[in-house]
Amino acid sequence: MELFNDIMTKINSIVWSNVLVVLCLAAGVGFTVWMRFPQIRLFKEMFRLLLKADPDSNSGITPFQAFATTVGSRVGMGSVAGVATGIFFGGPGAVFWMWVLGLLGAATALMESTLAQAYKTRIDGEYIGGPAVFIEKGLKIKPYAVLFAAATILGPGILMPGLHANSIASTFQRSFGTGMITGGVILCVFLAVVVFGGVKRIGKFAEKAAPIMCLVYMLMAIGIVVLYARQIPGVFSQIFKAAFGMDAVFGGIAGSAIVWGVKRGVYSTEAGQGSGAIVSAAAEVSHPAKQGLVQALSVYIVSFIVCTSTAVILLLSSSYNVINEATGEMLVEYLPGSQYGVGWTQDILEATYGSLLGGKLFAVIIALFVFTSLIGYEYQAESNVIYLFKGKKAAVWAMRIIFVVSTFSGVLVNADIIWTMGDTGAGMMAWLNIIAIALLSKKGVAIFKDYEKQKKEGRDPVFHPEQFGIEDTENIWPDTEL
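Calculation criteria
Residues numbered from 1 in each chain as written. Predicted model: local features only at pLDDT ≥ 70, side-chain atom pairs only at ≥ 80, totals over all residues. Heavy atoms only, no water. Salt bridge = Lys/Arg side-chain N within 4 Å of Asp/Glu carboxyl O. Helix = DSSP H or I, 4+ residues; strand = E, 2+ residues; numbered from the N terminus. Buried < 20%, exposed > 50% of the residue type's maximum accessible area, 1.4 Å probe, protein only. Core = buried A, V, L, I, M, F, W, Y, C linked by side-chain atoms within 4.5 Å. pLDDT = per-residue confidence, 0-100. Contact = heavy atoms within 4.5 Å.

Draft legend 1. Expanded view of the pattern of salt bridges. Taken as a whole and judged by the stated rule, the model has 8 salt bridges. The residue E452 makes a salt bridge to R41 at a minimum N-O spacing of 2.9 Å. Here the residue E452 occupies a position in helix 20 (residues 441–456), and R41 occupies one in helix 3 (residues 38–41), the gap between them amounting to 411 residues. In this structure, R48 engages E45 in a salt bridge whose closest nitrogen and oxygen atoms are separated by 2.9 Å. Taken together, the residues span about one helical turn, with R48 and E45 both in helix 4 (residues 43–51) at a distance of 3 residues. You can call E45 buried: its relative accessible area is 12%. Through salt bridges with shared partners, a single ionic network connects R36, R41 and E452.

Draft legend 2. Spatial organisation of the nonpolar core. One finds I87, F134, I135, Y217, L293 and F369 to be the most contacted residues of the largest nonpolar core, which totals 141 residues. By residue number, the principal contributor to this core is helix 17 (residues 342–389), which donates 18 residues.

Draft legend 3. Fine view of the environment of R122. In this structure, R122 sits in strand 1 (residues 121–123). The exposure class of R122 is partly exposed, given its relative accessible area of 29%. Expressed as a C-alpha distance, the spacing of R122 and G391, which sit 269 residues apart in the sequence, is 10.0 Å.

Draft legend 4. Examining the confidence of the model for the protein more closely. For the protein, per-residue confidence averages 81 on the pLDDT scale, and residues scoring 70 or more make up 84% of the total. For the protein, strand 4 (residues 330–332) is the element with the lowest average pLDDT, namely 44, and helix 20 is the one with the highest, namely 96.

Draft legend 5. Structural context of the side chain of S113. Mapped onto the elements, S113 comes out in helix 7 (residues 93–118). In this view, S113 contacts G276, A277, S280, Q291, G292 and Q295; residues no more than four positions away in its chain are not counted.

So, in structure tokens, the structure goes:
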């Protein structure tokens, strides 16, 4: 096991080198400037598209269900434990760089989801798409497409689920005294019921669960803000100073703030990772940019509401811990205990609200966070299995079984190594996806500008794929004749 840990740690350090951090930021900046800051200009339009979307879909899921599923998969451990580890290792400045990644990542999410919609296909009556499909149909590099599909099956399908199972089982163990194995079994039974029901059942569950869990968690964070209101100016000052190394205590780890902020920002928002694009392709809309804008909004929800809620809980309580990675020196003592993941957040909420609201209610919220993350992960992996095996039922069912088993394995292994495994899975997808959308960005921008042009003409935009040289789209887009 120790050898396996060493190997995974080495692979993760290569995958998450500073080059990937720069690539994530550069992609966000490039798309933002090229499309003239769409995540700011069209903020109102994002909400309009989400609220006025078609309430039903015959061949896929509704735009809101796609939004809720991606929010659900993003609002998981990345938004709670991920933010905690980012602050723990990168200091308060990491929060600022999570915000930056969220702002820029909204443009990246718009680009990848627009491309996923434009190139989507239909297998067994349901829409399938994402980076694997637009790489094959857009770049026409089949081996590259197969590589991304394999990375998605390996990442969300095998490497990443265990982290979530470990977190939910440990949270319930702390709050209800439930054993790790027992917690894992209960989780996997409920998980199997949903994922074996297919994408429509996944979408219907997510659209109900995601808004509720985000609202309750945000209310708990607001309570922390009210209790520690006087400390708010100091905390925000510390975040900005630490982000640029202006704080004497955190000056030595300014670089770590950027790395951990971007790293955890990608993990929590999934912007640039390509996973949101996979779910986006399953939605039924009249123009690709519509779903692109809706997915950009989902990044905002995660970055500026859920991740910020976690940061507020941790930083206002003055209980954070930072380690200088170069020297191993403990810079600020972490007060409640030894865990720096989800347990840290749970400690603070329990100390603030008591064992019932802070401990047990938080455990239930984490259960919903984890559950929606897992069903999103399973769909991402399953979609790529369908792509590789042309919809063969045996392959799909095998993937579902492997996913449930991989999830359960998280309660049996060390939490540190499954964080490494999760990071590695997300990083592999990000490398492959960002390069692909950069190569297809000219086409993506043209599709986005077509949407804006039709809007200015007072029309409800309709996509004409042949206008962009996109083939094999029969019976996918309504009114495709010019």
